[in-house]
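# Report on the structure
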Amino acid sequence: MRAWANVATLAKTRNLDGGFVVKSAAGLPFLLEEGMEVAFVPPREDAVRRTHVESVYLLDEKSAEVHFADISSIEQARPLVGCSCLVRRSSIDEAVLDAAPERWEGWDVFDVNHGLVGTLEGIV
């Protein structure tokens, strides 16, 4: 089993002090909490690669304004927009990560040779 789980994406910067609007990964509730260690992938040259969550202000059930230690300006934040946030699996409830069928609904299914097959509407 992998030690890290992808739980969120840095959607955009928010204010000049290095904050982000962070969206939860597909099918997951918002899981980032203060103090969690976070790794940003893919890594960006000359940008923070790992840090800790300083603060979380929920915007809705799937997104929040998040500030990280070591990121204190918009200049430091901009290169990280679009990165995924990985957290140690040991710091979250494993049951939340179990792949429930509804987690995959709405995803496009592609065949390597024939392209788009369709959109997943449900699992029977």
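Coordinates for the structure precede this section.
Below you will find a few notes about this structure.

Criteria and cut-off values
- Residues numbered from 1 in each chain as written.
- Predicted model: local features only at pLDDT ≥ 70, side-chain atom pairs only at ≥ 80, totals over all residues.
- Heavy atoms only, no water.
- Pairing = 2+ DSSP bridges.
- Helix = DSSP H or I, 4+ residues; strand = E, 2+ residues; numbered from the N terminus.
- Axes fitted to C-alpha atoms, helices over the stretch in contact; angles between N-to-C directions.
- Buried < 20%, exposed > 50% of the residue type's maximum accessible area, 1.4 Å probe, protein only.
- Salt bridge = Lys/Arg side-chain N within 4 Å of Asp/Glu carboxyl O.

### A few points about the sheet that holds strand β1 (residues 4-14)
Backbone hydrogen bonds hold the strands of a sheet together, and the pairing may be parallel or antiparallel. Within the closed barrel, the six strands sit side by side as β1-β2-β5-β4-β3-β6. Their pairing is antiparallel. Averaged over all pairs of adjacent strands, the angle between strand axes in this sheet comes to 50 degrees, irrespective of strand direction. As paired elements, strand β2 (residues 19-24) and strand β5 (residues 63-68) share four bridges and run antiparallel to each other. Looking at β5, one finds that V21 is bridged to E65.

### Remarks on the pairing of β2
Taking burial as the measure, the six residues of β2 include five buried ones, the bulk of the element. Pairing geometry for β1 and β2, over six bridges, is antiparallel. Within β2, the residue paired with K12 across the bridge is V21.

### Considerations on the pairing of strand β7 (residues 108-111)
Of the pairings in the sheet, the one linking β7 to strand β8 (residues 115-119) comprises four bridges and is antiparallel in character. When the bridges of β8 are listed, D108 appears paired with T119. Between β7 and β8, which pair antiparallel in sequence order, lie three residues.

### Quick look at the pattern of salt bridges
Applying the stated rule across the entire model yields three salt bridges. Notably, a salt bridge pairs E37 with R88, separated by 2.8 Å at the nearest N-O pair. Note that E37 is positioned in strand β3 (residues 37-41) and R88 in strand β6 (residues 84-88), a separation of 51 residues in sequence. Under the relative-accessibility criterion, E37 is labelled partly exposed at 22%. Several salt bridges share partner residues, and in doing so they unite E37, R50 and R88 into one network.

By themselves, these observations are geometric and do not establish any function.
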